[in-house]
Amino acid sequence: WQISGPKGSYTSKNIIMDKFIVKGPSKLKGEIAISGSKNAALPILASTILFDKEVIIKNLPRVKDIDTMINLLKSLGSEIKFSKDKKIVKITKKNKHKIFASYSLVRTMRAGILVLGALVTKYQKSVTSLPGGCLIGARPVNYHLNALKKLGMKYEIKKGYIYANTKGKLEGAKIRFSKISVGATENTIIAACLANGITTLRNCAIEPEIVDLINFLKSGGAKIKFVGKRTLKIEGIKSLKSTSYSVMSDRIEAGTFCVAACLTGGNLKINNLYPKVIKTELTLLKKVGAKIKTTKKQIHIIGPKKIKNISNLVTKEYPDFPTDLQAQFMVLLCKAKGKSSITESIFENRFMHVAELRRLGAEIIIKKNKALILGNTSFKAAELMSSDLRASVALVLAAMVAKGSSIINRIYHLDRGYENIENKLRKVGVNIKRIS
Ligand code: EPZ
C-alpha cells in the first residue's frame, strides 16, 4: 500500500494544453478491456464516509474525477492508501471527519455533492459547496435537498454553500422523487442508511451504478431492498462493518467502443462487462446493422458495411437509451444512409458536439432539444474543441473515420472519464497520439 496519490498519464503537468492528433479513416480490430465505472465509483467512494472501519474498494478507473473525489475525501479527513496500480484503495477513518466540502473540489467534479448525505447522516453537520452548473446544463440539486429535508436535514444556503445543521439523527421517512434523478437517489440512499427507522423511496433512478452502490452498502451490512421497480425500502442501522468491494465495469465506455466498432466497420471483442447493462444500446446497434454475439462477460461486435438510420432516438432514464451515449450515437447516425433524429430529454443543453461535427462535414439541424441528422456524411479532418466528457469522445469517434489528421483540443475533458483511451484505441488499430 502506498500513501502517494495517483500519478501518471492523465495528470500530465500542462493538462489544459493536451490535445489528440487522430489520423483517419481507421477500422477497429482486436480486443479491449473495459475499466471500472466512474459513475459507480463516485457514489461508492462518497459513501465510505459512513464507515468507522476500514473499507477496500477495487477496480477503480484511473480517471481525473476519481482523483478529485479521493482528494475531497482526504480533505474531509479520510486516510487513503493506494495499491501500486492505483486501482485499489484502502480507506480508513482516523478520527471524526471534517465537515467542510470545498468549492474548489466540488466545482470541478459535481458528484462532490454526494458527500452531503453521508456527512449529515453521520455527523448531523455539513458545509458542502453547491456544485454549480456545467456545459450540459444548470444541474440544480433541488431534488437532493428536498429529499434530505424530508429525512430531517435542516439547512440554509449562504455564499454558494449548503450549511446543514441537524438536531440529532436523521429520521426515516416516506419520500417520492418528483423527477427521476440519479444523484438525488444516491444521496438519499446514503443518508437513509444510518437514519433512525424505515425510509421508503419512490420513483428512484435505477441505473446499474445505483444498484452497484446498493450492493456495496449491503456488503457493509446496510439494510436496503427493492420493493418495487423504482421503490426502495431502507432500514436505518447504527453502523456499517468493514468490507471489500469491486466496482462494476463502465457501461458507457463499453457503449462508446461498441459504437466505434460499428462506425468503422470493425471487428471488436469487448471484455470485462456483463452485456445486459447495455441491452438497449446493443439492440439499437443490431438495428443499424451490426452483428453482435455476447457471452457472460464479453461482447463481440462486427460493424456493418452499410449503417442504417434510426428515425427517432430519444434519451431517457435507465433502462432506456442513456443520455451519456447520445453524442456517440449521433456520430454513427451521421454515417447512416438516410435521415435520423435524436431527442435529448434529460439535459437542456447537450448538443455542444453538433457545432464541432459540422466542422467535419456533418449536416445536422437543431430544433430545441431535437437534432435532425441528414446522414450519408463523409467526414473530412479538421481542428476541433472538446466540451463535455461525452461530446469529446464523440469527436474522437468522428476523427477516427474522417479522411486526414484531425486535432482535438482540451482533452482534459476526456481524461475525467475515460481511462487510458489513446492506448486502448491504438491497440485496436486507431492512429491516435497525445501531444502535451
Ligand atoms: C448522473 O448525473 C451522471 N453523473 C451523468 O453522467 C448522467 O448523464 C446523469 O446521471 C443522467 O444519467 C454521475 O453519475 C456522476 P440526474 P446526475 O440527477 O446525477 C436534473 C457523465 O458524463 N436535476 O439524473 O447529475 C438535471 O439537471 C455524467 O458521466 C434537477 O433538476 O443526473 C438533469 O437535467 C454527465 N434537480 C436531470 O435532472 C436535481 O436535484 C437528470 O439529472 C437533480 C437533477
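As a reminder, the structure under discussion sits directly above these lines.
Here the structure is a predicted model, which means the values were calculated and not measured. (Residues numbered from 1 in each chain as written. Predicted model: local features only at pLDDT ≥ 70, side-chain atom pairs only at ≥ 80, totals over all residues. Heavy atoms only, no water.)

(A) Quick look at the site of the ligand. In the neighbourhood of the ligand, 22 residues make up the surrounding shell, with Asn 142, Tyr 143, Ser 181, Asp 324 and Ile 346 lying closest. Ser 181 places a side-chain nitrogen or oxygen 2.7 Å from an oxygen atom of the ligand. The backbone of Gly 183 places a nitrogen or oxygen atom 2.8 Å from an oxygen atom of the ligand. In the complex, 87% of the free accessible area of the ligand, which totals 820 Å², lies under the protein chains. Mapped by element, the contributors of at least two residues to the shell around the ligand are helix H1 (38–47), helix H5 (142–150), helix H6 (182–193) and helix H12 (389–401). Along the lines of polarity and charge, the residues of the shell around the ligand split into nine nonpolar, six polar and seven charged. (Near = heavy atom within 4 Å. Polar contact = N/O pair within 3.5 Å; in protein donor to acceptor, adjacent residues only side chain to side chain. Areas by Shrake-Rupley, 256 points an atom, 1.4 Å probe, with all protein chains shown as cover. Helix = DSSP H or I, 4+ residues; strand = E, 2+ residues; numbered from the N terminus. Nonpolar A, V, L, I, M, F, W, Y, C, P; charged D, E, K, R; others polar.)

(B) Representation of the side chain of Ser 26. Considering the arrangement of structural elements, one finds Ser 26 in the loop between strand E1 (19–24) and strand E2 (29–33). Residues within four places of Ser 26 in sequence aside, it is in contact with Thr 264, Met 400, Gly 429 and Val 430. (Contact = heavy atoms within 4.5 Å.)

(C) Highlighting the pattern of salt bridges. This structure, assessed with the given rule, holds 16 salt bridges. Among the ionic pairs, Asp 65 bridges to Arg 416, the shortest N-O distance being 2.8 Å. Note that Asp 65 is positioned in helix H2 (residues 64–75) and Arg 416 in the loop between helix H13 (412–415) and helix H14 (421–427), a separation of 351 residues in sequence. Three or more residues joined by partner-sharing salt bridges are found here, namely Asp 18, Asp 415, Glu 422 and Arg 434. (Salt bridge = Lys/Arg side-chain N within 4 Å of Asp/Glu carboxyl O.)

(D) Representation of the sheet that holds strand E10 (residues 174–176) in the model. The four strands are arranged E10-E11-E13-E12 in an open sheet whose pairing can be described as mixed. If you trace the sheet from one side to the other, it starts and ends with E10 and strand E12 (223–228), each paired once. The average angle at which neighbouring strand axes cross in this sheet is 20 degrees, direction not considered. Sheet topology note: the E12/strand E13 (residues 231–235) ladder contains five bridges and is antiparallel. When the sheet's bridge partners are listed, Lys 223 is paired in E13 with Glu 235. In this fold helix H7 (residues 208–219) packs onto E12 and E13, with an angle of close to 140 degrees to the strand it touches most, E12. (Pairing = 2+ DSSP bridges. Axes fitted to C-alpha atoms, helices over the stretch in contact; angles between N-to-C directions.)

(E) Structural detail: helix H10 (residues 326–334). Most of H10 is tucked away, with nine of its nine residues classed as buried. Of all the residues in H10, the buried ones are Gln 326, Ala 327, Gln 328, Phe 329, Met 330, Val 331, Leu 332, Leu 333 and Cys 334. (Buried < 20%, exposed > 50% of the residue type's maximum accessible area, 1.4 Å probe, protein only.)

(F) Broad picture of the packing of helix H8 (residues 251–263) against H12. One way to put it is that H8 packs onto H12 with a least axis distance of 10 Å and a crossing angle of 20 degrees. Here H8 lies roughly parallel to H12, going by the angle between them. The two elements H8 and H12 cross, and the hand of that crossing is right-handed. Between H8 and H12, the contacting residues are Ile 252, Thr 256, Val 259, Ala 260 and Leu 263 on the first element and Arg 390, Val 393, Leu 397, Met 400 and Val 401 on the second. A class-by-class count of the residues in the contact of H8 with H12 yields eight nonpolar, one polar and one charged. (Parallel < 35°, antiparallel > 145°, perpendicular 65-115°, else oblique. Left-handed = near helix turned anticlockwise from the far one by under 90°.)

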